[in-house]
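# Examination of the molecular architecture
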Amino acid sequence: MKLIRFDLNDGDAHPRIGVLHDGSIVELRGISTLDALLRSHDPLAAVRGSIAEPGAARHALDGVRLLPPLTAPEKIWCIGVNYQDRNAEYRDHSELPKYPSLFVRNVGSFVGHREALIRPRVSEQLDYEGELVLVIGKAGRHIPRERAFEHIAGMTLANEGSVRDWLKHGKFNVTQGKNFDASGSIGPWIVTADECDPRAEHTIVTRVNGETRQQETTARMMFPFDMLIHYLSTFATLQPGDLILTGTPTGTGWNMTPPRFLKPGDVVEVESPALGTLRNHVADEA
């Protein structure tokens with residue numbers, strides 16, 4: 001199933017939730033948010049019940065504005081340097097990492113599908129980072145790797161946009177450059193795990209203005225999905241709705257010669273066959 005958070009293009013800005021079914025969105029009644037749906041006893045049964053309701057409202061996909069799927073995830077974990085060639089991009093001659101690199105983002109740093117990514121006034125170094133995202137559906141602490149996939153509700157896509165010169169403002173962290181308002185995107189929907197098996201190999205592609213910049217497969221991750229869930233749950237309880245952005249492949253703009261940062265009018269697409277395409281354009285901060 002593809003779970004969607006949206007509002008209508010007719011001026012009604014009230015957020016709604018729905019599921020893509022037979023080419024249109026079936027609005028889910030009696031469920032306030034996708035966050036609440038993930039916390040329910042049996043989310044898929046609740047969705048099926050809503051689809052079967054007589055008179056359920058339907059909306060054309062091109063008649064709505066898609067919002068970031070989740071309203072208030074408790075945690076947005078972001079993994080850095082997770083594909084096999086990424087460590088070499090840093091040119092610091094370091095050994096491969098033994099543990100995942102980790103930082104966090106806030107909800108306001110993301111927009112939805114087809115919304116503008118904002119290049120901030122204080123920098124011209126907005127960059128793209130296409131990523132696969134795990135959506136947690138079952139709470140857990142100290143989760144063994146062999147049980148990790150039981151905790152995944154589904155997957156989505158992200159452009160984990162970065163303001164490169166602000167990544168180096170602090171001595172030890174990258175938080176500033178990762179949390180500019182509307183610098184990244186997430187969506188277009190959550191694909192449930194029964195439709196996009198997280199155990200399977202997934203491909204991710206990032207294009208800028210139609211040019212392929214990143215292309216990779218999860219088979220080349222240094223820290224695969226089950227290891228990430230095990231590692232993160234060692235020190236923090238994973239909760240339904242938590243997001244894990246699992247790392248970006250090589251090919252970001254900062255590593256090109258010369259660097260090729262995003263500029264107003266650019267269109268960035270992040271695509272994976274099982275998940276669809278997340279598309280955004282770039283605009284300057286007003």
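Look a little higher up for the structure.
As the structure is a computational prediction, the values presented were derived from the model and not from experiment. (Residues numbered from 1 in each chain as written. Predicted model: local features only at pLDDT ≥ 70, side-chain atom pairs only at ≥ 80, totals over all residues. Heavy atoms only, no water.)

## Quick look at empty space enclosed by the protein
Applying the stated rule across the entire model yields one cavity of 30 Å³ or more. Its volume calculated, the largest cavity comes out at about 100 Å³. Lining of the largest cavity is provided by P68, P69, L70, P73, I76, V107, F110, V135, T156, I186, I190 and L243. In terms of residue class, the lining of the largest cavity is made up of eleven nonpolar, one polar and no charged. (1 Å grid on protein atoms, 1.4 Å probe; cavity = no way out; pocket = protein on both sides within 12 Å on 5 of 7 lines; lining within 4 Å. Points joined across faces, edges and corners; volume = space filled by probe spheres on them. Nonpolar A, V, L, I, M, F, W, Y, C, P; charged D, E, K, R; others polar.)

## Here we look at the pattern of salt bridges
Per the stated rule, a full pass over the model turns up 25 salt bridges. Residues E285 and R121 are paired through a salt bridge, measuring 3.9 Å at the closest nitrogen-oxygen approach. In this pair, E285 sits in the segment after β19 (276-284) while R121 sits in the loop between β9 (116-119) and β10 (126-127), placing the two residues 164 residues apart along the sequence. Three or more residues are tied together by salt bridges with common partners; here these are R105, D127, E129, E160, R164 and K178. (Salt bridge = Lys/Arg side-chain N within 4 Å of Asp/Glu carboxyl O. Helix = DSSP H or I, 4+ residues; strand = E, 2+ residues; numbered from the N terminus.)

## As for the nonpolar core
Ranked by size, the top nonpolar core spans 35 residues in total, and within it L132, I229 and I244 carry the most contacts. When residues of this core are traced back to their parent elements, those giving at least two are β1 (2-8), β5 (64-66), β6 (76-80), β11 (130-136), β12 (152-159), β14 (184-192) and α4 (225-235). Element by element, the count of residues in this core is highest for α4, at five residues. Counting residues in each nonpolar core, the second largest holds 24 residues, with L3, I31, F103 and V133 among its members. (Core = buried A, V, L, I, M, F, W, Y, C linked by side-chain atoms within 4.5 Å. Buried < 20%, exposed > 50% of the residue type's maximum accessible area, 1.4 Å probe, protein only.)

## Side note on the layout of surface pockets
Roughly 290 Å³ of internal volume is contained in the second largest pocket. What lines the second largest pocket is a set of 15 residues, and nearest its centre among them are P43, L44, G137, I152 and A153. Elements with a contribution of two residues or more to the lining of the second largest pocket: α2 (43-52) and β12. Its residues assigned to classes, the lining of the second largest pocket shows seven nonpolar, five polar and three charged.

## Quick notes on the environment of T277
Relative to the assigned elements, T277 resides in strand β19. With relative accessibility at 19%, the residue T277 sits in the buried group. For the pair T277 and H113, spaced 164 residues apart in sequence, the C-alpha to C-alpha distance is 8.7 Å. Ignoring any residue separated from it by four or fewer positions in sequence, one finds T277 in contact with H113, L157, P188, R207, E269, V270 and E271. (Contact = heavy atoms within 4.5 Å.)

Geometric values such as these leave the question of function open.
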